[in-house]
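Residue-level structural notes
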Amino acid sequence: EMMVDFGDKLLENPELNQIMLKGRKDSDSLSKEEYVTFSNLCRKASWFLSAGYFMHKKKAIDDNDWYEFKVIALYWTHSLGYQQWWKKDGHHGYIGDFKNLLEVEIEKSQQ
């Protein structure tokens, strides 16, 4: 539900969606105001993914549900803009297995 609501907010707000799309391509191309918005989108997406990861670890969701979360994680981590955000700001907010998961996916996308 969290990710559906997140997607709905982007669909309901074309300006927000444009910032997300522009930022995913290259967050360095954003104005300061746009970067703050993009950073908040990245942070929120990462929180949702983190919640899904830990629900899967605790067996609160099954492998099929986790697969859907992981597809979304790849959507974010394989974009240059998210990688720029992660290096600049994002990595400070996470530790442990989930942080390692994101960093491995970022590294894979750069190979």
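Data block above holds the structure.
This part is about the side chain of Ser-46. Inspection of the secondary structure assignment puts Ser-46 in helix H3 (residues 32-57). At 2.8 Å, the side chain of Ser-46 and the backbone oxygen of Cys-42 are in polar contact. Contact partners of Ser-46, with chain neighbours within four places excluded, come to Tyr-82, Trp-85, Tyr-94 and Phe-98.

In this description, a pair of aromatic rings is defined by centroid distance and the angle of the planes. Applying the stated criterion across every chain yields a total of 11 aromatic pairs. Ring geometry for Tyr-82 versus Trp-85: centroids 5.2 Å apart, planes at 50 degrees, classification tilted. Of the two residues, Tyr-82 and Trp-85 both sit in helix H5 (residues 80-88), three residues apart, roughly one turn of that helix. Classification of Trp-85 by relative accessible area gives buried; the value is 0%. Taken together, a centroid distance of 6.2 Å and an interplanar angle of 15 degrees make the contact between Tyr-82 and Trp-86 stacked.

Look at H3 against H5: their axes get within 11 Å of each other, and the N-to-C directions meet at 90 degrees. When the interaxial angle is binned, H3 and H5 end up roughly perpendicular. Contacts from Tyr-35, Phe-38, Ser-39, Cys-42, Arg-43 and Ser-46 in H3 reach Gly-81, Tyr-82, Trp-85 and Lys-88 in H5. Looking at the contact of H3 with H5 residue by residue, the classes come out as five nonpolar, three polar and two charged.

Calculation rules
The written sequence of each chain sets the order in which its residues are numbered from 1. Selection of residues for local features in this predicted model requires a pLDDT of at least 70, selection of side-chain atom pairs for listing and counting requires 80 or more, and totals for whole chains, interfaces and linings are taken over all residues. As a convention, hydrogens and water are excluded, and side-chain values are obtained from all of the structure's heavy atoms. Numbering of helices and strands runs from the N terminus; a helix is a DSSP stretch of H or I covering at least four residues, while a strand is a stretch of E covering at least two. For this analysis, a polar contact is any N or O atom pair within 3.5 Å, provided that within protein one partner can donate a hydrogen and the other can accept it, and provided that sequence-adjacent residues contribute only side-chain to side-chain pairs. What makes two residues a contact is simply this: any of their non-hydrogen atoms within 4.5 Å. Only the six-membered ring of Trp is used, alongside the rings of Phe and Tyr, when aromatic pairs are assigned; centres must lie within 6.5 Å, and planes under 30 degrees apart are stacked while those over 60 apart are edge-to-face, with the rest tilted. Any residue under 20% of the maximum accessible area for its type is buried, any over 50% is exposed, and the rest in between are partly exposed; the area is computed with a 1.4 Å probe on protein chains only. Axis lines are fitted to C-alpha atoms, over the contacting stretch for helices. Their N-to-C directions set the angle, which ranges from 0 to 180 degrees. By definition in this entry, angles of less than 35 degrees are roughly parallel, angles greater than 145 are roughly antiparallel, angles of 65 to 115 are roughly perpendicular, and the rest are oblique. Each residue receives one of three labels: charged for Asp, Glu, Lys and Arg, nonpolar for Ala, Val, Leu, Ile, Met, Phe, Trp, Tyr, Cys and Pro, and polar for the others, Gly being one of them.

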